[in-house]
Amino acid sequence: MTLILIIVSYILGSIPSALIIGKVFFNKDIRKLGSGNLGTTNTIRNLGKKAGFVVFALDFLKGFVSLAIANFYLGDLSYLSIFGAAAMIGHMFPIFAGFKGGKAVATGSSIFIYLYPYLAIVQILVFFIVLLLSGYVSLGSVTIASIGAIYTLINGEGIDKFVISFMCIFVIYMHRSNIIRIKNGTENISKLKIKF
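Residues numbered from 1 in each chain as written. Predicted model: local features only at pLDDT ≥ 70, side-chain atom pairs only at ≥ 80, totals over all residues. Heavy atoms only, no water.

**Description of the environment of leucine 33**
Thinking step 1. Examined against the element boundaries, leucine 33 turns out to sit in the loop between helix H2 (17-26) and helix H3 (40-47).
Thinking step 2. Counting along the chain gives 148 residues from leucine 33 to arginine 181, while the straight-line C-alpha distance between them is 18 Å.
Thinking step 3. Ignoring anything within four residues of it in the chain, the contact list for leucine 33 reads Lys28, Asn42, Asn46 and Leu47. (Helix = DSSP H or I, 4+ residues; strand = E, 2+ residues; numbered from the N terminus. Contact = heavy atoms within 4.5 Å.)

What follows is the structure, encoded as structure tokens:
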């Protein structure tokens, strides 16, 4: 049953929300627009805020539903994060989109809300503070992933401790090109940035 649910979680994660929304409602392939990333930020920049919000919600549900299904069938396990990680990997490397997906920030966020709700609140606040001050969505994502990795390494228990911290580090790795652009001053700046 555990293996079956891991596969189900990966398949859920593999549903390319941004690609579906783009093709069905805009007749556009998001993979050919902007960064080509199947995520919220690229969707907002190329298809608008409403489309971006829908994509975020759908990507968020991938992780949350994966955990909820596993929790329902297997009970309160010490390794629930494995199913969330499978959904994240599905989002990053979707079988339905040539294994080229997004960076799993939305999907990963749902795991923290499910398993560490109080930490998730802190992460949300930190994300928006970093976004408003720097203008970089990617920097906000990397920052909260770093917080998640450090927190779970120190306070996590069992397998979850290592699974979640590893996935946080992997999310940071997926942002390596963004980090380089921030360093070079060529990263896109959000309109939400506060102008002092």
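On we go from here.
**Quick look at the nonpolar core**
Thinking step 1. Formed by 22 residues in total, the largest nonpolar core has its most connected members in Met88, Met92, Phe112, Met167 and Cys168.
Thinking step 2. Within the residue set of this core, elements represented by two or more residues are helix H4 (49-74), helix H5 (81-92), helix H6 (105-115), helix H7 (117-134), helix H8 (137-155) and helix H9 (158-174).
Thinking step 3. With six residues, H9 is the single largest residue contributor to this core.
Thinking step 4. Residues in contact with phenylalanine 112, not counting those within four places in the same chain, are Pro117, Leu119, Ala120, Gln123, Gly148, Thr152, Ile164 and Cys168.
Thinking step 5. Ranked by size, the runner-up nonpolar core spans nine residues in total, among them Ala18, Ile21, Ala51 and Val55. (Core = buried A, V, L, I, M, F, W, Y, C linked by side-chain atoms within 4.5 Å. Buried < 20%, exposed > 50% of the residue type's maximum accessible area, 1.4 Å probe, protein only.)

**Let's talk about the UniProt feature "transmembrane region" (unreviewed entry) in the protein chain**
Thinking step 1. Following the UniProt record, one finds the feature "transmembrane region" (unreviewed entry) at residues 6-26, 53-73, 79-99, 111-137 and 149-173.
Thinking step 2. Secondary structure content for residues 79-99 is 57% helix and 0% strand, while the C-alpha to C-alpha distance between its ends is 25 Å.
Thinking step 3. Across residues 149-173 one finds 92% helix and 0% strand; the C-alpha atoms that close the span lie 13 Å apart. (UniProt positions renumbered as here; feature names shortened; annotations may be inferred.)

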